[in-house]
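Results of the structural survey
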Amino acid sequence: MERAPARKLNKGILVGGLLVVLPLLVLFAGSFGKDPRAVRSPLVGRQAPPFSLRTYDGGEAISLARLRGKPVVVNFWATWCEPCKAEHGVLTRAAQKYEGKVQFLGIVYEDEVPRIDAFLKRYGSGYPALMDVGGKTAIAYGVTGVPETFFIGPDGTVVSKFTGPIHEEELEARIAQILGEAP
Amino acid sequence: MKRGALHQYRRRRVFRILLAIGSALLLLLSLAARAEERCAEGEACAESRPLDRDFVTNLVGPPRGRPLEGAELAARTHEIALRLRCPTCQGSSVAESPSATALNMKREVEDLLRAGYAPEQIFAYFEAAYGQFVLLEPKAEGFNLLVWIGPGILLLLGAAILVVYLRHRPEDEAEGASPVPPRPSRTALPDDEELARWVRKVREVAYGWPGGEPPREVP
């Protein structure tokens, strides 16, 4: 019984194939575990887009320009967003803790007043909830979903952006950053 | 004759009354439709705020186009919306998505065109907020160049490999006919006895090996 002769390895094809496949493998491997939608906000380091929005209950308009000189935390949220419920308590407690030092603002994203009212009655309200009618402010901030939280320094510059439900340690660290207390 | 004229007068009167009722109904219907278009009380709907021109101009400069209206505005809005990614959808454009975010973005495009901003300025405005992610056609610069020239490079590479292969192909393969008789197969016989018998017969006929057994090679 004879064995079939072993095929000769074509080094040219091997090298060419590796040249094409290896860079692709490196590219894909580098992207593993990363959220393709988590794009760094181009707003970071720039002046925060201005807005003047009324509170959901028809109260007076709150203007970002008038808050100049004070760090501001702007949180985009909605009553239909489950992670927003999870972070609501964290933000409310922080708003109480930093009262007078940091201004917290909630901008409601694609929602209705009765729902907002019911939500805030149930989970508590620690800072103004503003209505973004027509979504112009959400567009100016490049909001791709809720919750998203922007940290604005006293000079009106966007210091950082956090996507998703924020937890206490992260919030504390970012507030320290806009207060100029970060290590 | 007199009776005929009276009858005609009555018919005209009835017709006028019916026309008035019809017009009133139409008016009422259109008013109702317009009221429905507005937001229900307390609802965050399509009622739009005016464009913050100072903010937009700070970002992309003063309007470089001409203010659009009517059908041209609608057509250009759709054209631009087709090239913007809906940020809350899975790979669809602002023009194709029925989501509230996409509708708001479309309205923003419309406002910007109405204010006279050029398409490049509108893309720059959205890019300033969302980054290049929002552009469905990535810019041909930096790492993105790979997307634009990569397919061309791969095509050229493929063509080069094909040319090299065809040039170095052995002549017998290239011509399709073999002037040299094929080398007899010396591979092992199949395990199946019946099949092995037939293979031996074929070898005997084809190669002239007695009993279908290959002759021993002389070292």
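Residues numbered from 1 in each chain as written. Chains lettered and ligands numbered in written order. Predicted model: local features only at pLDDT ≥ 70, side-chain atom pairs only at ≥ 80, totals over all residues.

Thoughts on the overall build of chain A
Selection criterion: Secondary structure is summarised from DSSP: a helix means a run of H or I of at least four residues, a strand means a run of E of at least two, and numbering begins at the N terminus for each. The exposure label follows from counting other C-beta atoms within 10 Å of a residue's C-beta, where the C-beta atoms are placed from the backbone and the thresholds are 20 or more for buried and 12 or fewer for exposed, leaving partly exposed in between. The contact criterion used here is simple: two residues whose C-beta atoms, placed from the backbone, lie within 7 Å are in contact.
Across its full length, chain A holds five helices and seven strands. When the elements of chain A are put in sequence order from the N terminus, they spell out α-β-β-β-α-β-α-β-α-β-β-α. Burial status across chain A gives 36% buried among its 183 residues. Within chain A, contacts between residues separated by at least 24 positions form 72% of all contacts whose residues are at least 6 apart in sequence.

A word on the overall build of chain B
For chain B, the helix and strand inventory stands at eight helices and zero strands. Across chain B, helices and strands are ordered from the amino to the carboxyl terminus as α-α-α-α-α-α-α-α. Out of the 219 residues belonging to chain B, those deemed buried represent 15%. The long-range share in chain B, meaning contacts at least 24 apart out of those at least 6 apart in sequence, stands at 48%.

Remarks on the packing of helix H3 (residues 70–82) of chain B against helix H4 (residues 100–114) of chain B
Two quantities define a packed helix pair, namely the angle between the helix axes and the distance between the axes. Residues and elements named next belong to chain B. Applicable threshold: Lines fitted to the C-alpha atoms define the axes, with helices restricted to the stretch that makes contact. Angles between their N-to-C directions range from 0 to 180 degrees. Just so you know how the angles are binned, under 35 degrees is roughly parallel, over 145 roughly antiparallel, 65 to 115 roughly perpendicular, and the rest oblique. Crossing handedness: left-handed means the near helix sits turned counterclockwise from the far one by under a right angle, and right-handed means the same turn made clockwise. Charged means Asp, Glu, Lys or Arg here, nonpolar means Ala, Val, Leu, Ile, Met, Phe, Trp, Tyr, Cys or Pro, and polar covers whatever is left, Gly included.
Contact geometry of H3 with H4 gives a least axis separation of 9 Å together with a crossing angle of 125°. As judged from the angle between their axes, H3 and H4 are oblique. Of the two elements, H3 crosses H4, and the hand of that crossing is right-handed. Here H3 contributes Leu73, Arg76, Thr77, Ile80 and Ala81 to the contact with H4, which in turn contributes Lys106, Val109, Glu110, Leu113 and Arg114. Split into classes, the residues belonging to the contact of H3 with H4 amount to five nonpolar, one polar and four charged.

As for the pairing of strand S7 (residues 158–163) of chain A
Residue and element names in this part refer to chain A. Which entries qualify depends on this criterion: Each pair of strands is called paired provided DSSP finds at least two bridges between the two strands.
With five bridges connecting them, strand S6 (residues 148–152) and S7 associate as antiparallel partners. Note on S7: the bridge partner recorded for Ile152 is Val158. Here S6 folds back onto S7, and the loop between the two strands holds five residues, one of which, Gly156, carries a positive phi near 85°.

Looking at the nonpolar core
For clarity, the cut-off: Connectivity within a nonpolar core runs through C-beta atoms within 7 Å, and the core itself is a set of buried Ala, Val, Leu, Ile, Met, Phe, Trp, Tyr and Cys residues.
Counting 61 residues, the largest nonpolar core has Ile107(A), Val108(A), Tyr109(A), Ile152(A), Ile122(B) and Phe126(B) as the members making the most contacts within it. Per-element tally for this core: the top contributor is helix H5 (residues 119–130) of chain B, with six residues. Contact partners of Phe126(B), with chain neighbours within four places excluded, come to Leu84(B) and Val134(B).

What to know about the confidence of the model for chain B
Residues and elements named next belong to chain B. Applied cut-off: The score called pLDDT rates the predictor's confidence residue by residue, from a low of 0 to a high of 100.
Within chain B, residue pLDDT values average 82, and 79% of them lie at 70 or more. The element-level mean pLDDT for chain B is lowest in helix H7 (residues 171–175), coming to 56, with H3 highest at 97. Low pLDDT (under 50) marks residues 33–46, which in the prediction has 15 contacts with non-local residues, meaning those over four places away or in another chain. Scoring the predicted complex yields pTM 0.68 and, for the interface, ipTM 0.83.

Remarks on unusual backbone geometry
Residues and elements named next belong to chain A. Between Val146 and Pro147 the backbone carries a cis peptide bond, its omega angle lying at 0°. If you check the backbone angles, Glu110 has positive phi at about 45° while not being a glycine. For Glu110, a count of 21 C-beta atoms within 10 Å corresponds to the buried category.

Things to note about the packing of helix H2 (residues 53–60) of chain B against H5(B)
Residues and elements named next belong to chain B. Where H2 contacts H5, the two axes come as close as 9 Å, and the packing angle between them is 95°. Our classification of the angle between H2 and H5 gives roughly perpendicular. Contact residues: H2 offers Val56, Leu59 and Val60, while H5 offers Gln121, Ala124, Tyr125 and Ala128. Residues of the contact of H2 with H5, tallied by class, amount to six nonpolar, one polar and no charged.

So, the sheet that holds strand S3 (residues 72–77) of chain A
Residues and elements named next belong to chain A. The strand order across the open sheet formed by five strands is S5-S4-S3-S6-S7, and the pairing between neighbours is mixed. Each edge of the sheet is formed by a strand with only one pairing partner; in this case those strands are strand S5 (129–131) and S7. Going across the sheet, the axis of each strand differs from the next one's by a mean of 25°, ignoring polarity.

Remarks on the pairing of S6(A)
Residue and element names in this part refer to chain A. Most of S6 is tucked away, with five of its five residues classed as buried. By the bridge criterion, five bridges tie S3 to S6 in an arrangement that is antiparallel. Residue pairing in the sheet places Val72 in a bridge with Ile152 of S6.

Here we look at the confidence of the model for chain A
When the pLDDT values of chain A are averaged, the result is 91; 92% of them are 70 or greater. Taken element by element, chain A is modelled with least confidence in helix H1 (residues 11–31) of chain A, mean pLDDT 85, and with most confidence in S3(A), mean pLDDT 98.

Section: helix H5 (residues 168–178) of chain A
Residue and element names in this part refer to chain A. Selection rule: Each direction from the helix axis to a C-beta atom contributes to the arc, which is the arc of those directions.
Within the span of H5, buried status applies to Leu171, Arg174, Ile175 and Ile178. Taken down its axis, H5 places every buried residue within 105° of arc, on the same side. Facing away from the buried side of H5 by more than 90 degrees, the exposed set consists of Glu169 and Ala176. Buried residues along H5 sit against S3, helix H2 (82–97), S6 and S7. Phi for Gly180, located one or two positions after H5, is positive at around 75°.

Overview of the environment of Phe150(A)
Residue and element names in this part refer to chain A. Relative to the elements of secondary structure, Phe150 occurs in strand S6. According to the C-beta neighbour criterion, Phe150 is buried, with 25 such atoms within 10 Å. For Phe150 and Ser41, which are 109 residues apart along the polypeptide, the C-alpha to C-alpha distance reads 9.8 Å. Among residues more than four places away in sequence, those in contact with Phe150 are Ala48, Val74, Tyr141, Val158 and Lys161.

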